[in-house]
Amino acid sequence: MTKILYLITAATCWTLADGTEQPAGYWAEEALGPYEVFTRAGYEIAAATPGGVPPTADPASLTPEFNGGPEGAERMKAALRDATELAHPMRIEDVHVDDYDAVFVPGGWGPMEDLPDNAESARLLTGWLASGKPLALVCHGPAALLATVDGDGKSPFAGYRLTALSNAEEKLNGLADRAKWLLQDRLVDDLGVDYREGDPFAPHVEVDRTLHTGQNPASAVPLAHELVKTLS
């Protein structure tokens, strides 16, 4: 059976430049939409977080405002309850690349807090790239790639074509002016990637070799479908 590993933030907030803690976590739509795609394809799901801490869905991502109304919010909450594998993660350092066929990293502001400098996550992602197995990251999820920059300022992901939440979208989210840094800027400046940007909050997916990325929440399900095509 095909096995997908979710690499998920364990953060519950995003610390802004002024020290304010913005409630955060992973964005439910970006984890649960792909979860449905993968389970319908018959895949087995496992999860890993920093420290094996049960991950938290951003409270905002479960509200009617971001789910098309009260009914959509209830469906998202029900999907969250059903995704029991995500609630019982292992520690990242206990993951063995050989045990899984692909890794999937959902976004949300949480990954901006605890994944850009997580050494175990960097080890896992670097090993995954070297294995030749596909990996997929969406929205703020590519923040995890920043941890792969070594002491010489180099990353095995340098030169890859990818997408992630754009500066324009972060500005529309209302927090760009208060952030310590913006993801698009650091992916280009620190990682040396070929960043590609679509229209704000419209589905946009990039595939370069084994690296699959999606720009925003609307890209999560299309990204999952691309990963299924790769694994088929």
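See the structure printed just above.
Just so it is clear, the structure is predicted and the values come from calculations on it, not from any experiment.

**Q** Provide a residue-level description of the overall build of the protein, including the pertinent values.
**A** Helix and strand counts for the protein stand at seven helices and eleven strands. In terms of overall dimensions, the protein is globule-like: its C-alpha atoms have a radius of gyration of 16 Å, near the 17 Å expected for 232 residues. Along the three orthogonal principal directions, the C-alpha set of the protein runs to about 50 × 45 × 35 Å. For the protein, the share of sequence-separated contacts (at least 6 apart) that also reach a separation of at least 24 residues comes to 77%. Working note: accessible area of the protein is about 9,700 Å², and carbon and sulfur atoms make up 48% of it. The positive charge centre, built from 17 side chains, and the negative charge centre, built from 35, are 3 Å apart in the protein.

**Q** Go over the pattern of salt bridges, please, and point to the residues and values.
**A** Tallied over the entire structure, the rule returns eleven salt bridges. The partner of Asp-18 in a salt bridge is Arg-178, and the shortest N-O contact between them spans 3.9 Å. Residue Asp-18 is located in the loop between strand S2 (13-15) and strand S3 (21-23), and its partner Arg-178 is located in the loop between helix H5 (167-173) and helix H6 (183-191); the two are separated by 160 residues in the primary sequence. By relative accessible area, Asp-18 is classed as exposed at 53%. Taken together, the salt bridges that share partners define one network made up of Arg-91, Glu-93 and Asp-94.

What counts and what doesn't
Residues numbered from 1 in each chain as written. Predicted model: local features only at pLDDT ≥ 70, side-chain atom pairs only at ≥ 80, totals over all residues. Heavy atoms only, no water. Helix = DSSP H or I, 4+ residues; strand = E, 2+ residues; numbered from the N terminus. Rg over C-alpha atoms; globule rule 2.2 N^0.38 Å. Contact = heavy atoms within 4.5 Å. Areas by Shrake-Rupley, 256 points an atom, 1.4 Å probe, with all protein chains shown as cover. Lys, Arg positive; Asp, Glu negative; His and termini not counted. Charge placed at Lys NZ, Arg CZ, Asp CG, Glu CD. Salt bridge = Lys/Arg side-chain N within 4 Å of Asp/Glu carboxyl O. Buried < 20%, exposed > 50% of the residue type's maximum accessible area, 1.4 Å probe, protein only.

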